[in-house]
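Here is how the chains run, residue by residue.
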Amino acid sequence: MVVQVEDGSSAAEAGLRAGDVILEIDQFPVKDVKDFGRKIESYKAGDTVLILAKRRGATVFLTLKVRD
C-alpha cells in the first residue's frame, strides 16, 4: 500500500495516491514493498512503467516515468 506520495515526484506525476495498493508493474505481480523495489530498480531513468493499482475498490492503470 502506498503510504505517502512526495509532491513533485514521478509517483505524484503518475497519479499515485496514498492508500493505493500496487498490484502489478508492467503486468508482473507485486507481492510486497521489497518486491516493488526490486522490480522498479530493474528499469533505467527515462523508462515508462505501467502500474496497476487498486484504489477505493476500483482498479486503475497509471504510467510512471522512472527517474534517477
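In this report, the structure presented in the accompanying data block is examined. Predicted, not measured: the structure shown is a model, and the values here were computed from it.

Calculation notes
Residues numbered from 1 in each chain as written. Predicted model: local features only at pLDDT ≥ 70, side-chain atom pairs only at ≥ 80, totals over all residues. Heavy atoms only, no water. Helix = DSSP H or I, 4+ residues; strand = E, 2+ residues; numbered from the N terminus. Polar contact = N/O pair within 3.5 Å; in protein donor to acceptor, adjacent residues only side chain to side chain. Pairing = 2+ DSSP bridges.

Overview of the side chain of Ser-10
Part 1 of the reasoning: Locating Ser-10 in the fold gives a position in helix α1 (residues 10-14).
Part 2 of the reasoning: A polar contact of 3.4 Å, which involves the side chain of Ser-10, links it to the backbone oxygen of Lys-65.

Things to note about the sheet that holds strand β3 (residues 48-55)
Part 1 of the reasoning: What the four strands build is an open sheet, ordered β2-β1-β3-β4; its pairing is antiparallel. What marks the edges here is a single partner per strand, and that holds for β2 (28-29) and β4 (58-65).
Part 2 of the reasoning: Sheet topology places strand β1 (residues 21-25) next to β3; four bridges connect them, and they run antiparallel. From the neighbouring strand, Ile-22 faces β3, where its bridge partner is Ala-53.

Focus: the pairing of β4
Part 1 of the reasoning: Here β3 runs beside β4; their pairing, made up of eight bridges, is antiparallel. Following the sheet pairing, Ala-53 is matched in β4 by Val-60.

Remarks on the pairing of β1
Part 1 of the reasoning: Summarising the sheet, β1 and β2 pair through two bridges and their orientation is antiparallel. Note that in β2 the partner of Glu-24 across the bridge is Pro-29.
Part 2 of the reasoning: Connecting β1 to the antiparallel partner β2 that follows it, the hairpin turn spans two residues, and Asp-26 within it adopts a positive phi of roughly 50°.

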